[in-house]
Structure formats: C-alpha cells, structure tokens
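Residue strings, one per chain:
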Amino acid sequence: MFCKNCGEQMNDNAQFCIKCGVAKGVGNQYCANCGKPVNPNQAVCLNCGCQLNGPVKANGGSAANGGTDGKSKVTAGLLGVFLGCFGVHNFYLGYTTKAVIQVCVSGIAILLSCCTFGITLIATLGISIWGLVEGILILTGKIDTDGKGNPLV
Ligand SMILES: [Zn+2]
Ligand SMILES: [Zn+2]
C-alpha cells in the first residue's frame, strides 16, 4: 500500500509513513492502493478504481435514541385543550401532582353540582381554562418537557 499523504510505498503493517510521518490512511493526495496522485475530492481512484476515502463508516442509525420515549407535544396539547379540566394532559406528561389537583377540584365540584351549581361552574370553568392555557403552552412549545424532564416530540 501507499502513503495517502506523500505517495511513498509503505509496508502493509506500518502504522506510519516513514517518509512523511503521517499515520496510515491519513491524507488525501495519493491513492493508498496504487500510489498515484489523486484529487482530494475524488471518491475513487481513476487509476485502480479503489475507494479513496477508506471504508465508509457504517452509520449506526439512531441507536442512542432508544432510551427516551418522548411524549407527543400535539397529543398533550390537545388533551389539555379538550380535557384540561380533568388534568388528562398532566397525567399524560407525568405532572401527576398538578393532574391530581385538577381532577380533584373538577371532580369535587361536579359532585357538588346538585347543591352548589354556581361554585361547580366557576371551579370547573377555572380548571378548564387552566388546562386550556397549559394545552396552548404545550402546543406552542412554551412547555416542552414532560414531568421527568424528557423533551416532548
Ligand atoms: Zn508519506
Ligand atoms: Zn489507485
């Protein structure tokens, strides 16, 4: 094989070129297979046809992506807009404390609706608006993580 930096013939087992000192496979001036000068932008050697940029690194895909299961921003947002008074979007995102407060206040208010309709109306309306606002904040990206701090997708 040949030094890709200076074109000098190298021992196949050498780790460095003894003429110019660069490591094996470093450089883009010469073909490592035949030693002919090549254009650094060429993908293959026009003399011998071998690939000039070394073995193409296999793109490992998105293996690092496996750990996080991002919640859907759109789902969470729509849940907030339509079912916000029951805290469904906060349950979905894992903001459990907030969700429990919302569902409890709405639930109690609805249970009391037979005798205290006005309070029920105000309470459920209030929680609904709270959920609606949070839903909009989620959809607009102002809330962009779930309860564990994972980014929404
Ligand atoms: Zn060299
Ligand atoms: Zn070549």
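Calculation rules
- Residues numbered from 1 in each chain as written.
- Chains lettered and ligands numbered in written order.
- Predicted model: local features only at pLDDT ≥ 70, side-chain atom pairs only at ≥ 80, totals over all residues.
- Heavy atoms only, no water.
- Helix = DSSP H or I, 4+ residues; strand = E, 2+ residues; numbered from the N terminus.
- Buried < 20%, exposed > 50% of the residue type's maximum accessible area, 1.4 Å probe, protein only.
- Contact = heavy atoms within 4.5 Å.
- Areas by Shrake-Rupley, 256 points an atom, 1.4 Å probe, with all protein chains shown as cover.
- Donors = N, O, S within 2.8 Å, 3.2 Å for Na, K, Ca; no water.
- Tetrahedral: all angles 85-135°; square planar, octahedral: opposite > 155°, others 65-115°.
- Expected span 1.5 Å × (residues − 1).
- Arc of directions from axis to C-beta.
- Patch = residues over 30% accessible without salt bridge, like charges linked within 9 Å, V, L, I, M, F, W, Y side chains within 5 Å.
- Salt bridge = Lys/Arg side-chain N within 4 Å of Asp/Glu carboxyl O.
- Phe/Tyr/Trp six-rings, centres within 6.5 Å; stacked < 30°, edge-to-face > 60°.
- Lys NZ or Arg CZ within 6 Å of the ring centre and 35° of its normal.
- pLDDT = per-residue confidence, 0-100.

Enquirer: What should I look at first to understand the overall build of the protein chain in this one?
Expert: Counting its secondary structure elements, the protein chain contains 4 helices and 0 strands. What you see in the protein chain, going N to C, is helices and strands ordered as α-α-α-α. Every one of the 153 residues in the protein chain was classed for burial, and the buried ones make up 25%. Long-range pairs, those at least 24 residues apart, make up 36% of the contacts in the protein chain between residues at least 6 apart in sequence. Carbon and sulfur atoms make up 63% of the accessible area of the protein chain, which totals about 9500 Å².

Enquirer: Explain the coordination of the zinc ion (ligand 2) here, please?
Expert: Geometrically, a metal with four donors at the corners of a regular tetrahedron has ideal angles of 109.5 degrees, and one with six donors at the corners of a regular octahedron has ideal angles of 90 or 180 degrees. Coordination of the zinc ion (ligand 2) by the protein involves Cys 31 (SG), Cys 34 (SG), Cys 45 (SG) and Cys 48 (SG), with metal-donor separations of 2.2 to 2.3 Å. Seen from the zinc ion (ligand 2), its 4 donor atoms lie at angles of 103 to 121°, and the figure they make is tetrahedral. One chain supplies every donor for the zinc ion (ligand 2), spaced along it as C-x2-C-x10-C-x2-C. Of this pair, Cys 31 sits in the segment before α1 (73-83) while Cys 48 sits in the segment before α1, and the two are 17 residues apart along the sequence. With a relative accessible area of 0%, Cys 31 lands in the buried category. Classification of Cys 48 as partly exposed rests on a relative accessible area of 33%.

Enquirer: Looking at this structure, how should I read helix α3 (residues 96-111)?
Expert: Structural remark: α-helix, 3.6 residues per turn; residues separated by three or four positions point the same way. Along its 16 residues, α3 runs 22 Å from first to last C-alpha, staying within 8% of the 22 Å computed at 1.5 Å per residue. Of the positions making up α3, those classed as buried are Ala 99, Gln 102, Ser 106 and Ala 109. Down the axis of α3, the buried side of the element spans an arc of 115°, and every buried residue falls inside it. Looking at α3, the residues exposed on the side facing more than 90 degrees away from the buried face are Thr 97, Ile 108 and Leu 111.

Enquirer: What exactly am I supposed to notice about a nonpolar patch on the surface here?
Expert: Residues Val 74, Leu 78, Phe 82, Leu 83, Phe 86, Ile 110 and Leu 139 make up a contiguous nonpolar surface patch of about 610 Å² in total accessible area. For the nonpolar patch, the element with the highest residue contribution is α1, accounting for 4 residues. On the secondary structure map, Val 74 appears in helix α1. What makes Val 74 partly exposed here is its relative accessible area of 47%.

Enquirer: Would you mind going over the packing of aromatic side chains with me for this structure?
Expert: Geometrically, a pair of aromatic rings is defined through the distance of the ring centres and the angle of the planes. Summed over all chains, the structure comprises 0 aromatic pairs. A cation over a ring is seen here: Lys 98 above Tyr 95, with NZ or CZ 4.7 Å from the ring centre.

Enquirer: Honestly, the confidence of the model for the protein chain in this entry has me stumped. Any pointers?
Expert: Close inspection of predicted coordinates is inappropriate for parts of the model with low pLDDT. Overall, the predicted model of the protein chain reaches an average pLDDT of 86, with 90% of residues at or above 70. Here helix α4 (residues 117-139) stands out as the least confident element of the protein chain, with mean pLDDT 91; helix α2 (residues 88-93) is the most confident, with 95. Within the model, pLDDT remains below 50 along residues 56-67, and this stretch shows 1 contact once partners closer than five positions in the same chain are excluded.

Enquirer: Got a minute to help me understand the pattern of salt bridges in this structure?
Expert: A side chain with one charge may pair with a side chain of the opposite charge, provided their charged atoms come close. A complete count under the given rule lists 3 salt bridges for this structure. One salt bridge connects Lys 19 with Glu 8, and the closest N-O pair in it is separated by 3.8 Å. Of this pair, Lys 19 sits in the segment before α1 while Glu 8 is found in the segment before α1, placing the two residues 11 residues apart along the sequence. Note on Lys 19: relative accessible area 56%, which makes it exposed. One salt bridge connects Asp 146 with Lys 71, and the closest N-O pair in it is separated by 3.7 Å. In this pair, Asp 146 is assigned in the segment after α4 and Lys 71 in the segment before α1, connecting sequence segments 75 residues apart. Look at Asp 146 and you get buried, because its relative accessible area is 3%.

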